[in-house]
Amino acid sequence: MLVKVKSVCFLGVDVHEVDVEVHVSARGLPTFEIIGLADRAISESKLRLRSALQVSAIHFPQKKLVVNLAPADLHKIGSFYDLPIAAGIISITQDLELPGDSLFFGEVSLDGSLRSTNGIFSTVLFAKEHGYKRVFLPSTSLEDSVGISDIDIIEVSSLSQLTVLLKQKTFVPRRPANKPLFDTRPPDISELKGQPLLKRALQISAAGGHNLLMVGPPGTGKTMSARLFADLLAPLSEEEFVEVNKIYSSCGRSADIIYKRPFRMPHHTTTLSGLIGGGNIPVPGEITLAHRGVLFLDELSEFKTETLESLRQPLEDGYIKMSRARWTYTFPSKFLLIAASNPCPCGYYGSSSHVCKCSMHMVHAYQRKLSGPLLDRIDLHVNVPEVETSALDNLPSPSITSSDIYWDQILFARAVQHARFKDASFMNNGSIDPRHIFSYCPLSKEASLFLKKCSKQFSLSARSYYKVIKLSRTIADLSHCKDIHVDHLSEAVQYRTKLLSV
Amino acid sequence: MHLFDSPIVRELLYSDPLYPQLLKGIPSFPKTLYYLGKLRGNLFNKCLSIVGSRDMSPYATRVLDLFFEDLTGTDITIVSGFMCGVDQYAHTLALRNGLSTVAVLPYGVEHVADAATCGLRDSILSSNGLVLSEYAGADPPRKWMFHKRNRIVAGISSCVLVVEAGANSGSLITADYAYKFSRKVYAVPGNIFDPGSKGITQILSSFAKAVDCGWEIVNNYSVTRDRSDTIKTTLAHSADPVNARILSSLTISGMRVDELSALTSIEIPVLNSKLTQLQLQGFVKEWRGKFYAC
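A quick note: this is a predicted structure, and the numbers were derived from the prediction, not measured.

Asks: Hey, could you run me through the environment of A:Arg200 in this one?
Replies: With respect to the secondary-structure elements, A:Arg200 resides in helix H6 (residues 196–208). Distance in space between the C-alpha atoms of A:Arg200 and A:Met265 is 22 Å, their sequence separation being 65 residues. A:Arg200 has contacts with A:Ile475, A:Leu478, A:Glu491, A:Tyr495, B:Ile268 and B:Pro269, leaving out every residue within four places of it along the chain. One polar contact links A:Arg200 to A:Gln203, side chain to side chain, over a distance of 2.8 Å. Within polar-contact distance, the side chain of A:Arg200 engages the side chain of A:Glu491 at 2.9 Å.

Structure, rendered in structure tokens:
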């Protein structure tokens, strides 16, 4: 007697259909084998199911029982195959037909009840996208499939209840819950005391999606502003919501649904594979967990050079491919990079209040580590100096834009970009590639001449040249200007790399 | 490294009449000096040593520019340590103003510290200057060599000018030696809030004399020349009142954008924009994150 039950397996962030083939044979000694490159958790299923079925007073066949998880050459990992296997066994021993167009997913406890596991969101999404009618899930996991429409969720609370459902042949579906609404109140930027230059840089970065580097002594609010920055970002769009949750669900990273853009802050001791992903069976790294969100690298110069180098390609491409013998895994990695660093080993080079204890050689070596191809891909560089303690108590000076205007400008700039890139593959000014710069950011003759002058005066490299144009497009958008003016360019020029001016 | 045209190293014994006389007066003077270049008889007659920090600020640059206006046309030999910063700028200005210059190295006379300074070395040698050292051969620099070199820089001249020095600057060692050898030590006052000037304040409060132009130093040497009054034409402030406000708020110790914004009440986007334009026009210079009026 052979029955095939549909389930899934996860390969990186991708989901694959799996046929759980359950075969009960009269011949041979009573055994229970699970094959198909199953991991340990799955092979433990055998004991789980045996006890669970007995406790549920469902007959466990004393025959040769073989379960094959096909395709047989993909690694199967997870404890959720319990339900499909159990469904297959019940179908054979109770002579009940399993409904077509259905996926089964769930872990079984020894007492026969079902437990929720990670991976619900991805499974339900997969089912919807591949034309399934319904998914059988543990009843405790309903919240995890938020926001996916047009698919029936059949709640299963225990194996005995499953048997009843299959006998009845009618299933009462539940629809996944709708996404809750969140208020989009703008964050309070006055939490960050002083630092008008930094606030402006955060505004430009948030509006146009430009990577940002902050350089300054310890304690100047670099870490705090990175956290504040996360709140400045636009809410996740529908597609982005699905993308992000698919990642976290498939890779077993979160049992909860992600509603806000991810904010990842890996410590500088993170390994290369921890950062970009890897392993024998690849798991996503920080860059993938930061997809559609922010990757904040604090103490940038403390990261190993090779670790930072590995960021270059994914930062450029928006994804990272990892080849293994059996499969090539592609992990998405479209993130905004925010980095913070001290200017020298002791942290106080250029400080007006502390003496720098480093020799010039040490400072040079430290800053040289910051430079390079990674920095090239960061559009905004700002120095973040110490704030006078008096400014911490005073009212904000008139030169700081009020919080409302600050926020409104960002929203306006986003709307303009949304319209501008309607038919393009990029979504904001920061991700325009050099080939398309002049079609999206045309410059008047006057502006062009001005830029050439700046290029000469400040020795701008070709990359910096394009960065300035992209930044000035965002600055123009923030100021509600259709064209890029000289003023926008001349402000943009100030955000170039100014590490050590010798 | 220059593979061809290697200059010949010559020895200068203390017994030689060309050996700098003042140097012989210091305790444990170097018995032998090794040098590159053409040594003429009166090179060491009137020597002024100029020392200062390696991390030279635009202020120090302007100071040296100003002082050399008074040194031009004299027959004073400028002695310095060939290190980056004040030393090298002093050598450069000496060459530019037609003055002889002597570089005293803290390493073997044939050692080349880095390719960038080769040009300066060659310029010094081709303009009747000297590159000398207590150490023959190509010994790389070691810690003790700096102190020993500093005593030569102090002892070879009748006056020492310290342009800019932080609390732990090597120039203070030179100044100390000069004081011990009863030389005249001059120091240019700096900004009391700037850590880069702490050394200056130290020596000014003990043995150094404050000086704000080269004239007083030149007076120590019996030189006769015409001092042409050079009136620096002040650049007219731009017609733009915002620019004028920015320029008048920039202090000599430099200001960051944040401070400037608070002081002038000009918002960051406008301020950044104006600063770029002022830099293009040459009215403002940017260094280490701070802005200075030129």
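The rest of the description comes next.
Asks: Is there a simple way to think about the pairing of strand E15 (residues 319–323) of chain A in this case?
Replies: Looking along a regular strand, one sees side chains alternate from face to face of the sheet. Residue and element names in this part refer to chain A. Burial of E15 is one-sided: the residues Ile-320 and Met-322 facing one way are buried, the residues Tyr-319, Lys-321 and Ser-323 facing the other way are not. Summarising the sheet, E15 and strand E16 (residues 328–332) pair through five bridges and their orientation is antiparallel. Each residue of the ladder has a partner; that of Met-322, found in E16, is Tyr-329. If you look at the hairpin formed by E15 and E16, you'll find four residues sitting between the two strands.

Asks: Where do I start with unusual backbone geometry in this structure?
Replies: Glycine aside, the phi torsion of most residues is negative, and most peptide linkages are trans. Here A:Ala70 and A:Pro71 are connected by a cis peptide whose omega angle stands at 5 degrees. We note that B:Ser182 has phi near 60 degrees; this positive angle belongs to a residue other than glycine. Mapped onto the fold, B:Ser182 is located in the loop between helix H6 (171–180) and strand E8 (184–187). Phi at B:Ser265 is positive, roughly 55 degrees, even though this residue is not glycine. Within the fold, B:Ser265 resides in the loop between helix H10 (257–264) and helix H11 (268–281).

Asks: Could you clarify how one ought to interpret the pattern of salt bridges in this entry?
Replies: Side chains that differ in charge, positive against negative, can pair when their charged atoms come close. Inspection of the entire model under this criterion finds 25 salt bridges over all chains. In this structure, the salt-bridge partner of B:Glu134 is B:Arg151, at a minimum N-O distance of 3.1 Å. Residue B:Glu134 is located in the loop between strand E6 (130–133) and helix H5 (143–156), and its partner B:Arg151 is located in helix H5; the two are separated by 17 residues in the primary sequence. Given a relative accessible area of 6%, B:Arg151 falls into the buried group. Taken together, the shared-partner salt bridges connect A:Glu240, A:Glu243, A:Arg261 and A:Arg292 into one network.

Asks: How should I be thinking about the layout of surface pockets in this particular structure?
Replies: A water-sized probe, rolled over the atoms, reveals where empty space remains. Residue and element names in this part refer to chain A. In this structure, the second largest pocket spans a volume of roughly 1,600 Å³. Lining the second largest pocket are 48 residues, with Gly-209, Met-427, Asn-428, Gly-430 and Ser-431 positioned closest to its centre. Every element with two or more residues in the lining of the second largest pocket is listed here: H6, helix H8 (238–250), helix H12 (312–317), helix H16 (403–420) and helix H19 (462–478). It is H16 that contributes the most residues to the lining of the second largest pocket, five residues altogether.

Asks: How should I be thinking about the side chain of A:His291 in this particular structure?
Replies: Residue and element names in this part refer to chain A. With respect to the secondary-structure elements, His-291 resides in the loop between helix H10 (286–289) and strand E14 (294–297). Residue classification places His-291 among the buried positions, given a relative accessible area of 3%. Excluding anything up to four places from it in sequence, His-291 contacts Glu-243, Val-244, Ile-247, Pro-262, Pro-332, Ser-333 and Lys-334.

Asks: What should I look at first to understand the nonpolar core in this one?
Replies: Most often, soluble globular proteins keep nonpolar side chains buried together rather than apart. Residues and elements named next belong to chain A. Ranked by internal contacts, the top residues of the largest apolar core, which has 94 residues, are Val-20, Phe-32, Tyr-81, Ile-85, Leu-297 and Leu-311. Among the elements that make up this core, the one with the highest residue count is helix H3 (residues 82–93) (seven residues). The contact partners of Ile-85, leaving out residues within four places of it in the chain, are Val-20, Val-22, Phe-32, Ile-34, Ser-45, Leu-49 and Val-67.

Asks: Would you explain the sheet that holds strand E1 (residues 2–11) of chain A in this entry?
Replies: The strands that make up a sheet pair up through hydrogen bonds in the backbone, lying either parallel or antiparallel. Residues and elements named next belong to chain A. Strand order across the open sheet formed by four strands is E1-E2-E4-E3, with mixed pairing between neighbours. Edge positions in the sheet fall to E1 and strand E3 (31–35), since each has one partner strand and no second. This sheet shows a mean twist of 20 degrees between the axes of neighbouring strands, independent of strand direction. Two strands pair when backbone bridges link them, and E3 and strand E4 (residues 64–70) are joined in this way by five bridges, in the parallel orientation. Its bridge partner being in E4, Glu-33 is matched across the sheet by Val-66. Of the strands in this sheet, E1, strand E2 (14–25), E3 and E4 are in contact with H3, which crosses E2 at around 30 degrees.

Asks: Explanation requested: the interface of chain A and chain B in the structure shown.
Replies: Listed per partner, the contact involves 31 residues of chain A and 26 residues of chain B. If you look at where chain A meets chain B, you find one salt bridge. One salt bridge in this structure joins A:Arg496 and B:Glu286, with 3.9 Å as the shortest N-O distance. The tally of links between chain A and chain B comes to nine residue pairs in polar contact (both at pLDDT 80 or more).

Asks: Looking at this model, I keep getting lost on the environment of A:Thr288. Mind explaining?
Replies: Within the secondary structure, A:Thr288 sits in helix H10. Excluding residues that lie within four positions of it along the chain, A:Thr288 makes contacts with A:Ile247, A:Phe331 and A:Pro332.

Cut-offs applied
- Counting from 1, residues in each chain are numbered in the order their sequence is written.
- As they are written, the chains are lettered A onward and the ligands numbered 1 onward, keeping that order.
- Restriction of local features to residues with pLDDT of at least 70 applies here, the model being predicted, together with a cutoff of 80 or more for giving and counting side-chain atom pairs; totals for whole chains, interfaces and linings are based on all residues.
- Hydrogens and waters are ignored; side-chain quantities use all the structure's heavy atoms.
- We count a stretch as a helix when DSSP gives it H or I for four or more residues in a row; a strand needs E for two or more, and each element gets its number in order from the N terminus.
- Whether two residues touch is decided by their heavy atoms; if any such pair falls within 4.5 Å, the residues are in contact.
- Polar contacts, as used here, are pairs of N or O atoms within 3.5 Å; protein pairs need one atom able to donate a hydrogen and one able to accept it. Residues neighboring in sequence count only if both atoms are side-chain atoms.
- Remark: exposure states derive from per-residue accessible area (1.4 Å probe, protein chains only) relative to the maximum for the residue type, with buried under 20%, exposed over 50%, and partly exposed in between.
- Pairing between strands requires that DSSP locate at least two bridges from one strand to the other.
- Note on definitions: salt bridges are taken to be side-chain nitrogens of Lys or Arg within 4 Å of carboxyl oxygens of Asp or Glu.
- For cavity detection a 1 Å grid was placed over the protein atoms alone, and a set of points counts as a cavity when a 1.4 Å probe fits there but cannot get out; an open set counts as a pocket when protein lies on both sides within 12 Å along at least five of seven lines, with lining residues being those that have an atom within 4 Å of a point.
- Grid points are joined across faces, edges and corners, and a volume is the space filled by probe spheres set on the points.
- Think of a nonpolar core as a cluster: buried Ala, Val, Leu, Ile, Met, Phe, Trp, Tyr and Cys residues, connected wherever their side-chain atoms sit within 4.5 Å.
- Throughout, an axis means a line fitted to C-alpha atoms (over the contacting stretch in the case of helices), and angles, computed between N-to-C directions, take values from 0 to 180 degrees.

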